[in-house]
Amino acid sequence: MTLIQNDFRADVVAPFAGVVSEPEIYIADEAPQDFFARETLLDAAFGPARFEKTAERLREGRLPAEGLALVMKHGALLMGTLRLWHVDAGGADALMLGPLAIAKPYRSRGFGRRMMAEALFRAFAAGHRAVLLVGDAPYYEAFGFSRRVTRGLMLPGPVDEARFLGLELAAGALQGVQGLVRATGRLEPARLREAA
Ligand SMILES: CC(C)(COP(=O)(O)OP(=O)(O)OC[C@H]1O[C@@H](n2cnc3c(N)ncnc32)[C@H](O)[C@@H]1OP(=O)(O)O)[C@@H](O)C(=O)NCCC(=O)NCCS
């Protein structure tokens, strides 16, 4: 668990004022009991069309990468989610990042950046060599993501190419890679039963 400096003051805290100490904000590994709160947050952030996104084709039926499914919580309240997924990027092992969402009342306070930093640090520390994502370049360029390293790659569906970005955690990890990005993560238990 990573504690975040808690300078957040909001209505959600007010009822507790003077009664209990202010809840901490922290990043932790996602747990099975976070399922409903995470899905509710993602529905609110992206709407039902989220399941139609091309990036979803690389996530459906798979489990996220070990140690790289993160939640941010304010006390017991889940207010952030970020997950990364194993993919093959034209013959190179890589991670696909997303979705990232921060609950509306908590936005523009650096929590999204904090989750990104934690996830990228964990990915680097675990020896992962590259991260891909589909997202807004103005937000993700700050972490070093660029279109330059994904030019030879294709996603399994339509995508605005300017939003298909990559980051090398190991120098040259995406150099010269070409081809389709494919999901390689572990299958969800239900998919495993279907495949058996
Ligand atoms: C994108 C998101 C995760 C950012 O979280 P956050 O905690 O608000 O981000 P931070 O506080 O670290 O950064 C906020 C800054 O990023 C900017 N920003 C937010 N979303 C942006 C975007 N899509 N493109 C460019 N800049 C963006 C904000 O304008 C803000 O700038 P400011 O600090 O000058 O006001 C959050 O807005 C969110 O959940 N949005 C809905 C879901 C989504 O679009 N997810 C990203 C696609 S996977």
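That block above? That's the structure.
Basis of the calculations
Residues numbered from 1 in each chain as written. Predicted model: local features only at pLDDT ≥ 70, side-chain atom pairs only at ≥ 80, totals over all residues. Heavy atoms only, no water. Near = heavy atom within 4 Å. Polar contact = N/O pair within 3.5 Å; in protein donor to acceptor, adjacent residues only side chain to side chain. Areas by Shrake-Rupley, 256 points an atom, 1.4 Å probe, with all protein chains shown as cover. Helix = DSSP H or I, 4+ residues; strand = E, 2+ residues; numbered from the N terminus. Nonpolar A, V, L, I, M, F, W, Y, C, P; charged D, E, K, R; others polar. Phe/Tyr/Trp six-rings, centres within 6.5 Å; stacked < 30°, edge-to-face > 60°. Buried < 20%, exposed > 50% of the residue type's maximum accessible area, 1.4 Å probe, protein only. Right-handed = clockwise from strand over helix to strand, strands pointing away. Pairing = 2+ DSSP bridges. Salt bridge = Lys/Arg side-chain N within 4 Å of Asp/Glu carboxyl O. Expected span 1.5 Å × (residues − 1). Core = buried A, V, L, I, M, F, W, Y, C linked by side-chain atoms within 4.5 Å. Contact = heavy atoms within 4.5 Å.

**Notes on the site of the ligand**
Right, on to step 1. In the vicinity of the ligand, 16 residues are found, and the nearest of them are Ser108, Gly110, Gly112, Arg113 and Asp136.
Right, on to step 2. One of the side-chain N or O atoms of arginine 107 is found 3.5 Å from an oxygen atom in the ligand.
Right, on to step 3. Glycine 112 has a polar backbone atom sitting 2.8 Å from an oxygen atom of the ligand.
Right, on to step 4. Calculation on the ligand without its partners gives an accessible area of 880 Å², and the protein chains cover 66% of this total.
Right, on to step 5. When residues of the shell around the ligand are traced back to their parent elements, those giving at least two are helix H1 (35-46), strand E5 (92-102), helix H2 (111-125) and helix H3 (137-140).
Right, on to step 6. Partitioned by chemical class, the residues of the shell around the ligand number nine nonpolar, three polar and four charged.

**Section: the packing of aromatic side chains**
Right, on to step 1. Scanning all chains against the criterion turns up five aromatic pairs.
Right, on to step 2. Each ring, one from phenylalanine 35 and one from phenylalanine 36, has its centre 5.0 Å from the other, and the planes form 90°; the classification is edge-to-face.
Right, on to step 3. Clustering of aromatic rings is evident, with ring pairs tying together Tyr139, Tyr140, Phe143 and Phe145.

**Concerning the environment of aspartate 93**
Right, on to step 1. Considering the arrangement of structural elements, one finds aspartate 93 in strand E5.
Right, on to step 2. Of the residues examined, aspartate 93 reaches a relative accessible area of 64% and is grouped as exposed.
Right, on to step 3. For aspartate 93 and valine 181, which are 88 residues apart along the polypeptide, the C-alpha to C-alpha distance reads 9.8 Å.

**A few points about the pairing of strand E6 (residues 130-134)**
Right, on to step 1. Most of E6 sits inside the fold, with four of its five residues counted as buried.
Right, on to step 2. Each parallel crossover has a hand, and for E5 linked through H2 to E6 it is right-handed.
Right, on to step 3. In terms of strand pairing, E6 meets strand E8 (residues 164-168) through five bridges, oriented antiparallel. Pairing of valine 134 across the sheet is with phenylalanine 164, part of E8.

**Some words on the pattern of salt bridges**
Right, on to step 1. Counted according to the given criterion, the structure contains 15 salt bridges.
Right, on to step 2. One salt bridge connects arginine 122 with glutamate 118, and the closest N-O pair in it is separated by 3.1 Å. Taken together, the positions of arginine 122 and glutamate 118, both in helix H2 and four residues apart, correspond to about one turn of that helix. For the pair formed by arginine 122 and glutamate 118, the shared burial category is buried.
Right, on to step 3. Where salt bridges share partners, they join Glu30, Arg38, Glu39, Asp43, Arg50 and Arg83 into one cluster.

**Some details on H2**
Right, on to step 1. Under the 1.5 Å per step criterion, the end-to-end length of H2 is 21 Å for 15 residues, consistent within 8% with the ideal 21 Å.
Right, on to step 2. Residues of H2 that are buried include every one of Phe111, Gly112, Met115, Met116, Glu118, Ala119, Leu120, Arg122 and Ala123, and no others.
Right, on to step 3. The positive-phi residue at the C-terminal boundary of H2 is glycine 127, with phi of around 90°.

**Focus: unusual backbone geometry**
Right, on to step 1. With omega at -5°, the peptide bond leading from glycine 98 into proline 99 counts as cis.
Right, on to step 2. Mapped onto the fold, proline 99 is located in strand E5.
Right, on to step 3. The backbone phi angle of serine 108 is positive, close to 60°, even though this residue is not glycine.
Right, on to step 4. Mapped onto the elements, serine 108 comes out in the loop between E5 and H2.

**So, the nonpolar core**
Right, on to step 1. Residues Leu97, Met116, Tyr140 and Phe145 are the most contacted members of the largest nonpolar core, which totals 38 residues.
Right, on to step 2. Broken down by element, the residue count for this core peaks at six residues, all from H2.
Right, on to step 3. Sequence-distant contacts of methionine 116, defined by excluding residues within four places in its chain, comprise Leu82, Leu97, Leu100, Tyr140, Phe143 and Phe145.
Right, on to step 4. Counting residues in each nonpolar core, the second largest holds 20 residues, with Ala89, Ala92, Ala173 and Val177 among its members.

So, to be careful, I would describe these as geometric facts and stop short of saying anything about function.
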